Amino acid sequence: MAEMKDRWLFVGDICTYFVVAAACALLTASWVGAAPNSPIPSFEATALSGEKITDAKLIGQPTILIVTPSKAAAGDTRKWANALRENLDPESIRIRDVLAVDLPFFMSEADAIGRAKEKIPARYYDQTWILDETSLETALNIPTGSASAYVIVLDSEGQIIARVSGAPTEQRISQVKSAVQSLGIPPAAWSSQLQ
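Worth saying up front: this structure is predicted, and the values here are computed from it rather than measured.

Asker: Go over the side chain of Ser-146 with me, naming the residues and quoting the values.
Answerer: Along the chain, the position of Ser-146 falls in the loop between helix H4 (135-139) and strand E6 (150-154). When residues no more than four places from it in sequence are discounted, the contact partners of Ser-146 are Pro-69, Ser-70 and Ala-73.

Written out as structure tokens, the structure is:
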């Protein structure tokens, strides 16, 4: 009987260890590969306007990237894009949408751009990029196919200053505002209709 009790205590200790390890992993996972003050990983994308874009394009002016890893994340992206474009001066900080798509073998990048153009207003074609690779998602620890948008704030050197995921909430908006203000960009009157 004592031996059985010892086994269950051992199993309980093992389970506790795994629960604690999993909790630690979850707490740190959002920054794996995308730690604050680390550079944006190199990538190549295509704007809906047809222009080829690389990570070098992000140097010289603070930038907010809204990464959309799936169709399910489009709603979050739309909310973030509207909120940021309404509340930030585009002369002070660039806002770019990155549509991270894992194209099936039978679909070309031109097909993906054509489909995106059906949904996105023409005035944003140069600000919306198609990324047909998972290297940026992997480097930023964004799960391929995630249902959440990821907002990444970069300084003018291309260093990651902040990162949030999901729909804009009061807490997430506050994180982005703080990051933007840390770049010396004056505070804006953020609307409260975002929730």
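Asker: Mind laying out the confidence of the model for the protein chain, listing which residues take part and the relevant values?
Answerer: Residues with a pLDDT of 70 or more make up 76% of the protein chain, whose mean pLDDT is 79. Segment residues 7-33 is flagged for pLDDT under 50; beyond a separation of four residues in sequence, or across chains, it makes twelve contacts in the model. In this model residues 191-195 is a low-confidence stretch, pLDDT under 50, and it forms ten contacts with partners more than four residues away in sequence or in other chains.

Asker: Quick rundown of the pattern of salt bridges? Include the residues and the values.
Answerer: Overall, the coordinates contain three salt bridges when judged by the stated rule. With a closest N to O distance of 3.3 Å, Lys-52 and Glu-109 form a salt bridge. Taken as a pair, Lys-52 in strand E2 (residues 52-54) and Glu-109 in helix H3 (residues 109-119) lie far apart in primary sequence, 57 residues in all. Look at Glu-109 and you get partly exposed, because its relative accessible area is 25%. Residues Arg-85 and Asp-97 are paired through a salt bridge, measuring 3.5 Å at the closest nitrogen-oxygen approach. Separated by twelve residues along the polypeptide, Arg-85 in helix H2 (residues 74-87) and Asp-97 in strand E4 (residues 94-100) bring together distant segments of the chain. With a relative accessible area of 22%, Arg-85 lands in the partly exposed category. Here Asp-97 falls in the buried class, since its relative accessible area comes to 7%.

Asker: How would you sum up the nonpolar core? Please name residues and give values.
Answerer: Ile-40, Phe-43, Leu-65, Val-67, Trp-129 and Ile-152 are the most contacted members of the largest nonpolar core, which has 19 residues in total. Every element with two or more residues in this core is listed here: strand E1 (44-47), strand E3 (63-68), E4, strand E5 (128-131) and E6. Counting residues in each nonpolar core, the second largest holds 18 residues, with Ile-64, Leu-84, Val-164 and Val-176 among its members.

Asker: Describe unusual backbone geometry, and please don't skip the residues or the numbers.
Answerer: Notably, Asn-141 is not glycine yet its phi reads approximately 55°, a positive angle. With respect to the element layout, Asn-141 can be found in the loop between H4 and E6. Asn-141 gets classed as partly exposed once you look at its relative accessible area, which sits at 28%.

Asker: Mind laying out the pairing of E3, listing which residues take part and the relevant values?
Answerer: The element E3 is extensively covered by neighbouring structure, given that six of its six residues are classed as buried. The alternating pattern of E3 places Thr-63, Leu-65 and Val-67 and Ile-64, Ile-66 and Thr-68 on opposite faces, both of which are buried. Relative to E4, E3 runs parallel, the two sharing six bridges. Paired with Thr-68 across the strands is Leu-99, a residue of E4. Pairing of E3 with E6 involves five bridges; the strand directions are antiparallel. Within E6, the residue paired with Val-67 across the bridge is Tyr-150.

Asker: Talk me through H3; I want residue IDs and the actual numbers.
Answerer: Within H3, burial applies to Ala-112, Ile-113 and Ala-116. In an axial view of H3, the angular spread of the buried residues amounts to 100°, which keeps them on one side of the axis. Across from the buried face of H3, at angles greater than 90 degrees, the exposed residues are Ala-110, Arg-115 and Glu-118. Along its buried surface, H3 packs onto E1, E4 and E5.

Rules of the game
- Residues numbered from 1 in each chain as written.
- Predicted model: local features only at pLDDT ≥ 70, side-chain atom pairs only at ≥ 80, totals over all residues.
- Heavy atoms only, no water.
- Helix = DSSP H or I, 4+ residues; strand = E, 2+ residues; numbered from the N terminus.
- Contact = heavy atoms within 4.5 Å.
- pLDDT = per-residue confidence, 0-100.
- Salt bridge = Lys/Arg side-chain N within 4 Å of Asp/Glu carboxyl O.
- Buried < 20%, exposed > 50% of the residue type's maximum accessible area, 1.4 Å probe, protein only.
- Core = buried A, V, L, I, M, F, W, Y, C linked by side-chain atoms within 4.5 Å.
- Pairing = 2+ DSSP bridges.
- Arc of directions from axis to C-beta.

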